[in-house]
Amino acid sequence: MTAPNRPTIELKTPHGHVVVLKEYATGREKNALQNTYLEHTKISVVGNQPKIDEFSPKAEEATINKMLEMFVVSVDGVTEGVVDLVLDLRVEDYDAVVEGLNEITGKKKRTE
């Protein structure tokens, strides 16, 4: 079940592409994104503490692709194949879209 007629926001990338995103994430969508991470992680419990045994570098890529699929409505007016359209943008534009998605999903930006 998804929220019908959800409001959208328009994001303009550094090179002028217009990407329309859903305005917010639902709890169901946030859980789906967390599950994508967990699918690529092996966790055991030592005593009462969880311990990460294995973490796949594919987790981040899979989660970003899931966000693109779930929240991108259109790229430059095109609504079909939006995941590939975003992945084929210049890296600066792609990064701007991912940053916008992270804001929507509540994911905090890493500090370097």
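Structure: above.
About the criteria used
- Residues numbered from 1 in each chain as written.
- Predicted model: local features only at pLDDT ≥ 70, side-chain atom pairs only at ≥ 80, totals over all residues.
- Heavy atoms only, no water.
- Phe/Tyr/Trp six-rings, centres within 6.5 Å; stacked < 30°, edge-to-face > 60°.
- Lys NZ or Arg CZ within 6 Å of the ring centre and 35° of its normal.
- Salt bridge = Lys/Arg side-chain N within 4 Å of Asp/Glu carboxyl O.
- Helix = DSSP H or I, 4+ residues; strand = E, 2+ residues; numbered from the N terminus.
- Buried < 20%, exposed > 50% of the residue type's maximum accessible area, 1.4 Å probe, protein only.
- Axes fitted to C-alpha atoms, helices over the stretch in contact; angles between N-to-C directions.
- Parallel < 35°, antiparallel > 145°, perpendicular 65-115°, else oblique.
- Contact = heavy atoms within 4.5 Å.
- Nonpolar A, V, L, I, M, F, W, Y, C, P; charged D, E, K, R; others polar.
- Pairing = 2+ DSSP bridges.
- Left-handed = near helix turned anticlockwise from the far one by under 90°.

1. Focus: the packing of aromatic side chains
For step 1, the next point in the chain: Under the counting rule described, the total for this entry stands at zero aromatic pairs.
For step 2, the next point in the chain: Looking at Arg6, its charged tip hangs above the ring of Tyr24, at a distance of 4.9 Å from the centre.

2. Focus on the pattern of salt bridges
Two side chains that carry opposite charge are able to pair once their charged atoms sit near each other.
For step 1, the next point in the chain: Tallying each qualifying case throughout the model produces three salt bridges.
For step 2, the next point in the chain: Arg6 serves as the salt-bridge partner of Glu29, at 2.9 Å between the closest nitrogen and oxygen. Here Glu29, found in helix H1 (residues 27–39), pairs with Arg6, found in the segment before strand E1 (8–12); they are 23 residues apart in sequence, far enough to count as distant.
For step 3, the next point in the chain: Residue Glu54 pairs with Lys42 through a salt bridge whose shortest N-O separation is 4.0 Å. Of this pair, Glu54 sits in strand E4 (residues 49–55) while Lys42 sits in strand E3 (residues 41–46), and the two are twelve residues apart along the sequence.
For step 4, the next point in the chain: For Glu54, a relative accessible area of 46% puts it in the partly exposed group.

3. Observations concerning the packing of helix H2 (residues 58–71) against helix H4 (residues 91–105)
For step 1, the next point in the chain: Contact geometry for H2 and H4: axes closest at 10 Å, N-to-C directions at 75°. By the angle class used here, H2 and H4 are roughly perpendicular. Residue-level contacts link Ile64, Met67, Leu68 and Phe71 of H2 to Tyr94, Val97, Val98, Leu101, Asn102, Ile104 and Thr105 of H4.
For step 2, the next point in the chain: The residue makeup of the contact of H2 with H4, split by class, is nine nonpolar, two polar and no charged.

4. A word on the sheet that holds strand E2 (residues 18–22)
For step 1, the next point in the chain: Strand order in the open sheet formed by three strands is E1-E2-E5, with antiparallel pairing between adjacent strands. Looking along the sheet, the strands with just one partner apiece sit at the ends: E1 and strand E5 (72–75). Averaged over all pairs of adjacent strands, the angle between strand axes in this sheet comes to 20°, irrespective of strand direction.
For step 2, the next point in the chain: When E1 meets E2, the two strands line up antiparallel, connected through five bridges. Among the inter-strand pairings, Leu11 is bridged to a residue of E2, identified as Val19.
For step 3, the next point in the chain: Against the sheet, H2 contacts E2 and E5, and its axis sits at roughly 80° relative to E5.
For step 4, the next point in the chain: Lying on the sheet, H4 is in contact with E1, E2 and E5; it crosses E2 at an angle near 20°.

5. With respect to the packing of H1 against H2
For step 1, the next point in the chain: Where H1 meets H2, the closest approach of the two axes is 8 Å, and the angle between their N-to-C directions is 155°. One element, H1, and the other, H2, form an angle in the roughly antiparallel class. Both H1 and H2 take part in a crossing whose hand is right-handed. Seen from H1, the contacting residues are Glu29, Ala32, Leu33, Thr36 and Tyr37; seen from H2, they are Ala59, Glu60, Ala62, Thr63, Lys66, Met67, Met70 and Phe71.
For step 2, the next point in the chain: Taken together, the residues of the contact of H1 with H2 sort by class into eight nonpolar, two polar and three charged.

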